[in-house]
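One letter stands for each residue in the lines below.
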Amino acid sequence: MDYLEAEDTRPVAPSPQAVAALKALRGPLPPGPTSPEAVLHLLREYGSPATVAKNSGRFFGFVNGGCLPAALAASWLVSAWDQNAAQQVQSPVAIALENIALEWVIELLGLPEGTGGAVVTGATLANFSALAAARHALCERSGWDVESDGLSGAPPITVVVGEEAHPSVAKALGLLGLGRNRVVRVPADNQGRMRADALPHLDDRTVLCLQAGNVNTGAFDPAQAICPAARAAGAWIHVDGAFGLWAAASPRYRHLTKGFEQADSWATDGHKWPNIGYDCGIALVRDPQALRAAMSIQAPYLVKGEQREPSDYSPELSRRARGVELWAGLRSLGRSGMAAIVERTSSYARRFAAGLRAAGYEVLNDVVINQVLVSFGSPEKTLRTIARLQADGTCWCGSTVWQGHTAMRISVSSWATSEDDVDRSLAAMLRAATE
Ligand SMILES: *Cc1c(COP(=O)(O)O)cnc(C)c1O
């Protein structure tokens, strides 16, 4: 509680001195025990000052949410419970709450009835899990049992991705033996949207990976223009919607996600827009049996219950009961609370863009949701501005190169961000740019 109470006065990035002081925690493993109180004291003394103030409301790096109070408290309780969420017999409560949370997510995202899934560590593992289900289904169509016999000698699968797909999709394809580079890339427009007119031939041996929410621009692939024909051709459509899919929770932004519900699988994150603490990703599959076939695990000692066993749907066996935190966060938000986060953070993104434009700086993207890309002039000047801003400590933004242009990224993803946070941060940005 002390830590959280000081959050607003902490520099968002820790001082170099605080990071250097972490050396006090080094040294050889002590030969004997230390009291739990003394261990915690060390963490508080040296650990807390070297944190990034993620719950300050002024962290705008990457696409990181904060942690809702209910999700945080649930996380403390889950640790006290020490439940293994592998199977019902090890934790009836964890499995029950995970099942409820998954149903709520499917409802909020407007996905088809009967969709099933798994709570995993993030969208990277959600992409991996959903694409494992796709790999299973496409191999099965040719009478090939990929889980038993592997990919060597399997009938080929074509994977189609957008030019601006997130790197975690490539990583997932590499892990699955489908190859990071053995893909057909579809050109994208200046917002990073896949060009529907440039799609290659699709058939029932194809996995088509779409994106809902580009990590830089926030743009959505044109699912309505792509999905009906892709479905008719028999392709497996996968959607990486790590944060963007949550726009479906808001009546004002839902139109952006239209068409994605026609897909076969989806990857999203609890730890981004919904502001569940780390780590929390969600893999969803229209035909849960495909995910089950890819992930199931059997042994006489792993006695199965009557309901869905998480270890048959996720890459892990033993796992943290992160579904409890997801349940708690969504329970505290309700439908309107989730919509309000989407709407508030997106309006703050527009406020940043308007303030920066008014000061004469170039906003590089159409601000459709919560992402802003801004250039302060030359690449050198933009990078110098970002470095000064990070050292100033009022807020934190990172850099990117968007289609050849060096830019600062502003991602407004935290439930805790207020209008005052935006205005203080905007002032710090303008100071950093003119110093
Ligand atoms: C953040 C992000 C990912 C990766 O998610 P992790 O939770 O960091 O694994 C994948 N795709 C997109 C579009 C993202 O924004």
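Just above, that's the structure.
Residues numbered from 1 in each chain as written. Predicted model: local features only at pLDDT ≥ 70, side-chain atom pairs only at ≥ 80, totals over all residues. Heavy atoms only, no water.

1. A look at the packing of helix α4 (residues 69–81) against helix α11 (residues 322–358)
(1) Moving on: Where α4 contacts α11, the two axes come as close as 8 Å, and the packing angle between them is 150 degrees. Between α4 and α11, the crossing angle belongs to the class labelled roughly antiparallel. In terms of crossing hand, the pair formed by α4 and α11 is right-handed. Listed contacts from α11 to Ala70, Ala71, Ala74, Ser75, Val78 and Trp81 of α4 are Val324, Glu325, Ala328, Gly329 and Ser332.
(2) Moving on: The class makeup of the residues in the contact of α4 with α11 is 7 nonpolar, 3 polar and 1 charged. (Axes fitted to C-alpha atoms, helices over the stretch in contact; angles between N-to-C directions. Helix = DSSP H or I, 4+ residues; strand = E, 2+ residues; numbered from the N terminus. Parallel < 35°, antiparallel > 145°, perpendicular 65-115°, else oblique. Left-handed = near helix turned anticlockwise from the far one by under 90°. Contact = heavy atoms within 4.5 Å. Nonpolar A, V, L, I, M, F, W, Y, C, P; charged D, E, K, R; others polar.)

2. Thoughts on the site of the ligand
(1) Moving on: The local shell around the ligand holds 14 residues, among which Thr124, Asp240, Asp269, His271 and Lys272 are the closest.
(2) Moving on: Interatomic distance of 3.0 Å between a backbone N/O atom of alanine 123 and an oxygen atom of the ligand.
(3) Moving on: At 2.7 Å, a side-chain N or O of aspartate 269 approaches an oxygen atom of the ligand.
(4) Moving on: Protein contact buries 86% of the 380 Å² of open area that the ligand shows by itself.
(5) Moving on: Its residues placed into classes, the shell around the ligand shows 4 nonpolar, 7 polar and 3 charged. (Near = heavy atom within 4 Å. Polar contact = N/O pair within 3.5 Å; in protein donor to acceptor, adjacent residues only side chain to side chain. Areas by Shrake-Rupley, 256 points an atom, 1.4 Å probe, with all protein chains shown as cover.)

3. Details of the side chain of serine 91
(1) Moving on: Secondary-structure assignment places serine 91 in the loop between α4 and α5 (92–108).
(2) Moving on: One polar contact links serine 91 to glutamine 83, side chain to side chain, over a distance of 2.7 Å.

4. Thoughts on the environment of serine 346
(1) Moving on: With respect to the secondary-structure elements, serine 346 resides in helix α11.
(2) Moving on: Taking the relative accessible area as the measure of exposure, serine 346 reaches 0% and is therefore buried.
(3) Moving on: When near neighbours in sequence (up to four residues on either side) are disregarded, serine 346 contacts Tyr253, Trp273, Ile369 and Asn370. (Buried < 20%, exposed > 50% of the residue type's maximum accessible area, 1.4 Å probe, protein only.)

5. Quick notes on unusual backbone geometry
(1) Moving on: In this chain, tyrosine 278 is followed by aspartate 279 through a cis amide linkage whose omega measures -10 degrees.
(2) Moving on: As for its position among the elements, aspartate 279 is in the loop between β6 (265–269) and β7 (281–285).
(3) Moving on: Here the phi dihedral of phenylalanine 62 falls at roughly 50 degrees; this positive angle occurs in a residue that is not glycine.
(4) Moving on: If you trace the backbone, phenylalanine 62 turns up in the loop between α3 (36–47) and α4.
(5) Moving on: Positive phi, normally seen in glycine, also occurs at glutamine 403, with a value near 45 degrees.
(6) Moving on: Residue classification places glutamine 403 among the partly exposed residues on the basis of a relative accessible area of 36%.

6. What about the sheet that holds strand β9 (residues 371–375)?
(1) Moving on: Read from one edge of the open sheet, 4 strands run β8-β9-β11-β10, paired in antiparallel fashion. Each edge of the open sheet carries a strand with a single partner, namely β8 (362–363) and β10 (398–402).
(2) Moving on: As judged from the 4 bridges shared by β9 and strand β11 (residues 405–411), these two strands associate in the antiparallel manner. Paired with valine 374 across the strands is methionine 408, a residue of β11.
(3) Moving on: Where helix α12 (residues 379–392) meets the sheet, it contacts β9, β10 and β11, and its direction lies at approximately 30 degrees from that of β11. (Pairing = 2+ DSSP bridges.)

7. Regarding the pattern of salt bridges
(1) Moving on: Tallied over the entire structure, the rule returns 21 salt bridges.
(2) Moving on: Salt-bridge contacts for aspartate 264 lead to arginine 231; the nearest nitrogen and oxygen are separated by 3.9 Å. Highlighted residues: aspartate 264 in the loop between β5 (236–240) and β6 and arginine 231 in helix α9 (residues 223–232), separated in sequence by 33 residues.
(3) Moving on: The salt bridge involving arginine 320 is made with glutamate 325; its shortest N-O contact spans 3.2 Å.
(4) Moving on: What emerges from the salt-bridge pattern is a single network uniting Glu98, Arg308, Glu316 and Arg319. (Salt bridge = Lys/Arg side-chain N within 4 Å of Asp/Glu carboxyl O.)

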